[in-house]
Amino acid sequence: MKKYPVIFLGCLLLSFAAIPLFGGDYGIDWMTKTIIFGIFALSLELLVGRTGLVCFGQAAFFGIGAYATVIFSTDVAQPLVAFLLPISVLLAALYALFVGALSLRTKGVYFIMVTLAFAQMAYYVIHDTPIGGGTDGIYLYVKPNLPGNISLNSSLNFYLFTVFILFSVLGLLGLITRSRFGRALLGIKLNEQRMKATGYNTYFYKLAAFVISGAIAGLAGFLFAVKDGYVNPELLSWHQSGAVLIMIILGGLGHLRGALIGAFAYNLLEEFFRSEAIFGVFTKHWHLGLGIAIILCVALLPKGLIGLPSLWQNKLVGKTAETPDDNDQVSSSGSGH
Amino acid sequence: MKLIKVSLLATNIILALSLGAAQAQNAPKLKVGMMLPYSGTFASLGNAIDNGFQLYVKEQGGKIGGREITYVRVDDESEPSKATDNINKLIKRDNVDVVIGTVHSGVAMAMAKVAKESGTLLIIPNAGADIITGPMCAKNIFRSSFSNSQPGYAMGEVAAKKGLKNAMTITWKYAAGDESVKGFKESFEKGGGKVTKELNLPFPNVEFQALLTEIAAAKPDVVYSFFAGAGAVKFVKDYAAAGLNKTIPLYGAGFLTDGTLDAQGDSAKGMLTSLHYADGLNTKRDNAFRLAYAKEFKLQPDVYAVQGYDAAQMLAIGLNATAGDVSKKDDFAKAVTAATIDSPRGPFKLSKAHNPIQDFYLREVQGKENKSIGIASKALADPGRGCNM
Amino acid sequence: MDFFTFLIQTLNSVQYGLLLFLVAAGLTLIFGIMGVINLAHGSFYMIGAYLAYGLAPIVTGMFGGGFITTMLFGLVVSILLGYFLEWAFYSYLYQRDHLQQVLMTYGLILVFEEVRSILVGDDVHGVQMPDWLSGSIQLNDVMTYPTYRVFISGMCLLLAVGMYIVLTRTKLGMMIRAGSVNREMTQSLGINIQFLYRVVFASGVAIAAFAGMVAAPVSSVYPGMGQGILIICFVVVVIGGIGSIKGAFVAALLIGFVDTFGKVFLPQIAGVLVYILMAVILLWKPSGLFKAGS
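If you're wondering where the values come from, they're calculated on a predicted model, not measured in any experiment.

1. A closer look at the overall build of chain B
Here is step 1: The helix and strand inventory of chain B stands at 12 helices and 14 strands.
Here is step 2: Here the C-alpha atoms of chain B give a radius of gyration of 22 Å, agreeing with the 21 Å that 2.2 N^0.38 yields for 389 residues.
Here is step 3: With respect to the principal axes defined by its C-alpha atoms, chain B has extents near 70 × 55 × 45 Å.
Here is step 4: Residues classed as buried in chain B amount to 63% of the 389 residues present.
Here is step 5: Long-range pairs, those at least 24 residues apart, make up 72% of the contacts in chain B between residues at least 6 apart in sequence.

Here is the structure:
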């Protein structure tokens, strides 16, 4: 089991190196976008896969990070990453603290709905009030500089910066999951009553996970704003929250690499269904393909794409005693509803 | 697990190679990227623009500037959050020579940013956001449609001339609505009127009842409104259902009744709107256009089709001047801004900020048509504030 | 605010609330009884509206029927559709956890929207109001209230009363209420749970479609109309308490009032008000206002 993360990291490094060499301008663009969504998905994985808290409002933290980046760089001649990055992460984390503190008092499907409600609140504040510049969004006119006056204007520079952030986030989350804190979160997912009985203050553990997750989502938002130079209220919509949820489930819950695989798979699926070369006239209806693919994936791959090898193994070798994967079940709906 | 990793890596490399391979082509055909809403509420507008563009190209024998046209289409779904991705796809993966699009202002804003940075030729066949021919204006960005404030401004003049004293406005709270109302307010108050209250609701909300009741209670002389698509249909119907159309005249930007009369039926009867196009213009140019369009697509053309048609005309004028070379941006811009475009709406020129200077017609809804009953505002230019080109 | 304006806004609130109730009732029943989170419920509302648009010429042409006949036809079609969908798709969702249900029904939304686009296209359509309903009621010298909206409220109320009678006075209703409180117990009592589920699901679809049909003349028929109402209906269900019809009724009316009056008095935050309401209620009563089965 331990060797998989290493192999995965190795493949990741290889593919990241391959893209700028062979992919051209568009390839770098696509990869950067996918990595940003990968970071976004990783943030949600900590909550859903690790702690068992299904949050349907992750897009709010993503959007707040993005908007903070743009708002704090208007009228600044040369904005700086050293300022913008921390502030967008901080603001996203603060909102996560607020939302978490209140939502964690509910359970199960009610928790899902309350997180959605708070995301919708953030959405409407940005959409309807002068803070966010309204439904047409706002421009980021000048891209911030890295410390040492390194410009992020070139897509290659930005790509490398994004890869660096990804590995930092992976490292951070890797540390967290292997720490006592991370194992406590897992314990909470599997049986919160028992954790409480052994003296853990589960509320604070869950809140901490919520805030960290929100902060990372805000970080992804910062990257997104810098990449596109344009933010729009739809970044906070429930469709966005739904999409990132789909990504981690597609990839497979319970593993960090599941989040990344899911982000890749989702974007690849989209590219696939939208390519005129394959579908010709039907490209217009690409949502149909995506919808069917999602349904089939969930129906046939309940453990996500990560579950594929064990599925094939079972088919070939027959049902053996499956090595219990310690991150298996999703008991998010634990107490029913 | 290993299998997954290897296949992921393989997919990555294949993707990288195929993406890179797309770069290598550079045929003499002119690649036109059409980024329009082909699905969702604005789908019919996107299709009309596409049709109009295609019609002109067909009339020129499939060639513009001596180069054969091939199309690459992307459905922007009127989604601003995907806009940058979509136009990047067109410019960087499909290597189009020119981009035509789009309808939704938010999407167009993202497109303008990318086009400005990459220098790709962009012709906008609808989105009227003032900012695009304002601070975002560029040598390679053109508009064949209008800017948001124009129809409102024209209507304000009409209302003021009729001696109406107080007005209320109602629209969606987004750039198109805000700017349209601002235009109306500017000319109406200049002509001695006063806008007593500006009502709005979030885009694309269509629950108008509460606001209609407010209008009924306040009893202004006239109501000016801006809505488009499904929202326009519902608003006009709701206005009539509340009985307001009998007592308080409803004025609007032409989009309120364009392409929506079928669904609105009787509720739009007699409404006055202003737009840079109308039915029954009865000029030789327009009649020929309408006949050709109806024959080709079995539909009546609307303002969106005209805008698409004229976008193609503008492209042709520029490319003829540069002998089909899209990289000669200065010559392209010079030719297009110097020319008078022979549009079915009437001839027009482009302003310095690349927005049409055109006549706005006063239209009245008669049956299923927006009949032109005169000119609301002659040769109306858009101020292009903030554009330094 | 004078009396007549207040009256009109109240009528508006009630009408909007009742419409929400119809869609939410189906959602809460399906959720409460079958434990299925159905994100595609808004699509049934849309299907109803498109049925009203599509069936009208057929019914008028072939049978010479009018508006009411079209609605009855539409009801029959939607019941059949619901029955089929439950058998073909939803019955596989019962064993799955909520996340998987969310995903699969989300995929279903995409499929519905695209099939609609392929079959009927993307244009906006109007549905003709029947002449005998298209007048207005005069309230004072300027203000009138459209008769049709009163009709909508009336129809929704009729259906609500019908639901109440079925749920509280019939054997079927008893089984449904039992199923929503304790599924396993109901099954062990020998009740054919599969048939029950199918009936409940088909009814849920039919009620939502009916709401779409009756609202079509005022709201027009356009792509994406299901999404907007879906999310508000989830809020209704959650506020009211999952599985509680009474809760859905109260919550729907509450939201109708908050939303309508909110737009008049606090237009800038009108969009957020409903969500603030939900957050406040959930923090006060974490399982919604009413228990399941009421």
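2. Examining the overall build of chain C
Here is step 1: Along chain C, the regular secondary structure elements total 11 helices and two strands.
Here is step 2: The linear arrangement of helices and strands in chain C, starting from the amino end, is α-α-α-α-β-β-α-α-α-α-α-α-α.
Here is step 3: A compact globule built from 294 residues would reach a C-alpha radius of gyration of about 19 Å, and chain C, at 19 Å, matches this within 12%.
Here is step 4: Counting only C-alpha atoms, chain C reaches 65 × 55 × 35 Å along its principal axes.

3. Examining the domain arrangement of chain B
Here is step 1: Splitting chain B by domain gives domain 1 (28-146 + 283-354) and domain 2 (149-275 + 364-380).
Here is step 2: Each of domain 1 of chain B and domain 2 of chain B has a C-alpha centre, and these two points are 28 Å apart.

4. Observations regarding the environment of Pro-20 of chain A
Residues and elements named next belong to chain A.
Here is step 1: In this fold, Pro-20 is placed in helix α1 (residues 3-50).
Here is step 2: Judged by the 18 C-beta atoms lying within 10 Å of it, Pro-20 is partly exposed.
Here is step 3: Put simply, Pro-20 and Ile-294 are 274 residues apart on the chain and 30 Å apart in space, counted from C-alpha to C-alpha.
Here is step 4: Residues within four places of Pro-20 in sequence aside, it is in contact with Ile-28, Leu-156 and Tyr-159.

5. So, helix α12 (residues 329-338) of chain B
Because each turn of an α-helix spans 3.6 residues, side chains separated by three or four positions in sequence point in the same direction.
All names here are of chain B.
Here is step 1: Considered for burial, the residues of α12 that qualify are Phe-332, Ala-333 and Val-336. Considered in projection along α12, the buried side chains sweep an arc of 95° and stay on one side of the axis. Opposite the buried face of α12, by more than 90 degrees, sit the exposed residues Asp-330 and Ala-338.

6. Regarding helix α1 (residues 3-34) of chain C
Residue and element names in this part refer to chain C.
Here is step 1: The terminal C-alpha atoms of α1, which comprises 32 residues, lie 45 Å apart, in line with the 46 Å expected from a rise of 1.5 Å per residue.
Here is step 2: Along α1, the sharpest kink reaches roughly 25°, centred on Val-23.
Here is step 3: Positive phi appears at Gly-35, one or two residues downstream of α1, with a value of about 65°.

7. A few points about the sheet that holds strand β3 (residues 67-75) of chain B
All names here are of chain B.
Here is step 1: Read from one edge to the other, the open sheet built from six strands follows the order β2-β3-β1-β4-β5-β6, with strand pairing classed as mixed. With partners counted over all chains shown, the strands left at the sheet margins are β2 (63-64) and β6 (141-143), one partner each.
Here is step 2: The strands touched by helix α4 (residues 105-118) are β1 (30-36), β4 (98-100), β5 (121-124) and β6; relative to β5, the strand with the most contacts, the crossing angle is about 155°.

8. Some points on the nonpolar core
Here is step 1: By size, the foremost hydrophobic cluster in this structure holds 342 residues, and its most contacted members are Met-111 of chain B together with Val-236 of chain C.
Here is step 2: Take this core: its biggest share by element is 18 residues, from α1 of chain C.
Here is step 3: The residue makeup of this core includes at least three contributed by each of domain 1 (28-146 + 283-354) and domain 2 (149-275 + 364-380) of chain B.
Here is step 4: Beyond its immediate stretch of four places on either side in the chain, Met-111 of chain B contacts Met-35, Ala-83, Ile-87, Val-99, Gly-101, Thr-102 and Leu-122 of chain B.

9. Brief notes about the interface of chain C and chain B
Often, the extent of an interface is quoted as the loss of accessible area upon association of its parts.
Here is step 1: Facing the 28 residues of chain C at the interface are 30 residues of chain B.
Here is step 2: Mapped by element, the contributors of at least two residues to the side of chain C that touches chain B are α1, β2 (144-146), α8 (193-219) and α10 (245-265) of chain C.
Here is step 3: For the side of chain C that touches chain B, the element with the highest residue contribution is α1 of chain C, accounting for five residues.
Here is step 4: For the side of chain C that touches chain B, the class distribution of residues is 11 nonpolar, 13 polar and four charged.

10. With respect to the pairing of strand β7 (residues 166-172) of chain B
Residue and element names in this part refer to chain B.
Here is step 1: Among the seven residues in β7, six count as buried, and that is most of the element.
Here is step 2: When β7 meets strand β8 (residues 194-201), the two strands line up parallel, connected through seven bridges. Counterpart to Trp-172 in the pairing with β8 is Leu-201.
Here is step 3: Each parallel crossover has a hand, and for β7 linked through helix α6 (residues 175-190) to β8 it is right-handed.
Here is step 4: Where β7 meets strand β9 (residues 222-226), five bridges bridge the pair, whose relative direction is parallel. Opposite Ile-170, over in β9, you have Ser-225 as the bridge partner.

11. A short note on unusual backbone geometry
All names here are of chain B.
Here is step 1: A cis amide bond, omega -5°, links Gly-101 with the succeeding residue Thr-102.
Here is step 2: Assignment of secondary structure puts Thr-102 in the loop between β4 and α4.
Here is step 3: Its identity as a non-glycine residue notwithstanding, Glu-77 has a phi of 55°, on the positive side.
Here is step 4: Structurally, the position occupied by Glu-77 is in the loop between β3 and α3 (80-93).
Here is step 5: On the basis of neighbour counts, which here come to 22 C-beta atoms within 10 Å, the residue Glu-77 falls in the buried class.

12. Considering the packing of α1 of chain C against α8 of chain C
All names here are of chain C.
Here is step 1: Orientation of α1 relative to α8, taken along the N-to-C sense of each, is 165°, at an axis distance of 8 Å. Taken together, α1 and α8 sit at an angle that is classed as roughly antiparallel. Considering how the two elements wind past one another, α1 and α8 form a crossing that is left-handed. Here Leu-19, Leu-22, Val-23, Ala-25, Gly-26, Leu-29, Ile-30, Ile-33 and Met-34 of α1 lie close against α8, whose contacting residues are Tyr-197, Val-200, Phe-201, Gly-204, Val-205, Ile-207, Ala-208, Phe-210, Ala-211 and Ala-215.
Here is step 2: Class assignment of the residues belonging to the contact of α1 with α8 gives a composition of 17 nonpolar, two polar and no charged.

13. Considering the confidence of the model for chain C
Here is step 1: With 96% of its residues at a pLDDT of at least 70, chain C reaches an overall mean of 83.
Here is step 2: Under the prediction, the complex receives an ipTM of 0.77, its pTM being 0.82.

14. Considerations on the pairing of β1 of chain B
Residues and elements named next belong to chain B.
Here is step 1: The buried fraction of β1 is high, at seven of seven residues.
Here is step 2: Both faces of β1 are covered, namely the face carrying Leu-30, Val-32, Met-34 and Leu-36 and the face carrying Lys-31, Gly-33 and Met-35.
Here is step 3: Of the strand pairs in this sheet, β1 and β3 are connected by seven bridges, and their pairing is parallel. Considered in β3, the bridge of Lys-31 is made with Thr-70.
Here is step 4: With three bridges connecting them, β1 and β4 associate as parallel partners. Paired with Met-34 across the bridge in β4 is Ile-100.

15. Some points on the packing of helix α2 (residues 41-63) of chain C against α8 of chain C
Relative orientation and spacing of two packed helices are given, respectively, by the angle between their axes and the distance between those axes.
Residue and element names in this part refer to chain C.
Here is step 1: Between α2 and α8, the least distance of the axes is 7 Å, while the angle of their chain directions is 50°. When the axis of α2 is compared with that of α8, the two are oblique. The handedness of the crossing between α2 and α8 comes out as right-handed. Contacts from His-41, Phe-44, Tyr-45, Met-46, Ile-47, Gly-48, Ala-49, Leu-51, Ala-52 and Tyr-53 in α2 reach Val-205, Ala-208, Ala-209, Phe-210, Ala-211, Gly-212, Met-213, Ala-215 and Ala-216 in α8.
Here is step 2: Along the lines of polarity and charge, the residues of the contact of α2 with α8 split into 16 nonpolar, three polar and no charged.

16. Comments concerning the confidence of the model for chain B
Residue and element names in this part refer to chain B.
Here is step 1: In this model, chain B carries an average pLDDT of 86, and 93% of its residues clear a pLDDT of 70 or more.
Here is step 2: Within chain B, the element-level pLDDT minimum falls on helix α1 (residues 2-24), averaging 52, and the maximum on β4, averaging 95.
Here is step 3: Note on residues 20-27: pLDDT under 50 across the span, and nine contacts to partners over four residues away in sequence or across chains.

What counts and what doesn't
- Residues numbered from 1 in each chain as written.
- Chains lettered and ligands numbered in written order.
- Predicted model: local features only at pLDDT ≥ 70, side-chain atom pairs only at ≥ 80, totals over all residues.
- Helix = DSSP H or I, 4+ residues; strand = E, 2+ residues; numbered from the N terminus.
- Rg over C-alpha atoms; globule rule 2.2 N^0.38 Å.
- Buried ≥ 20, exposed ≤ 12 C-beta atoms within 10 Å, placed from the backbone.
- Contact = placed C-beta atoms within 7 Å.
- Domains from an automatic or database assignment.
- Arc of directions from axis to C-beta.
- Expected span 1.5 Å × (residues − 1).
- Bend = angle between axes of the 7 residues up to and from the residue.
- Pairing = 2+ DSSP bridges.
- Axes fitted to C-alpha atoms, helices over the stretch in contact; angles between N-to-C directions.
- Core = buried A, V, L, I, M, F, W, Y, C linked by C-beta atoms within 7 Å.
- Nonpolar A, V, L, I, M, F, W, Y, C, P; charged D, E, K, R; others polar.
- Right-handed = clockwise from strand over helix to strand, strands pointing away.
- Parallel < 35°, antiparallel > 145°, perpendicular 65-115°, else oblique.
- Left-handed = near helix turned anticlockwise from the far one by under 90°.
- pLDDT = per-residue confidence, 0-100.

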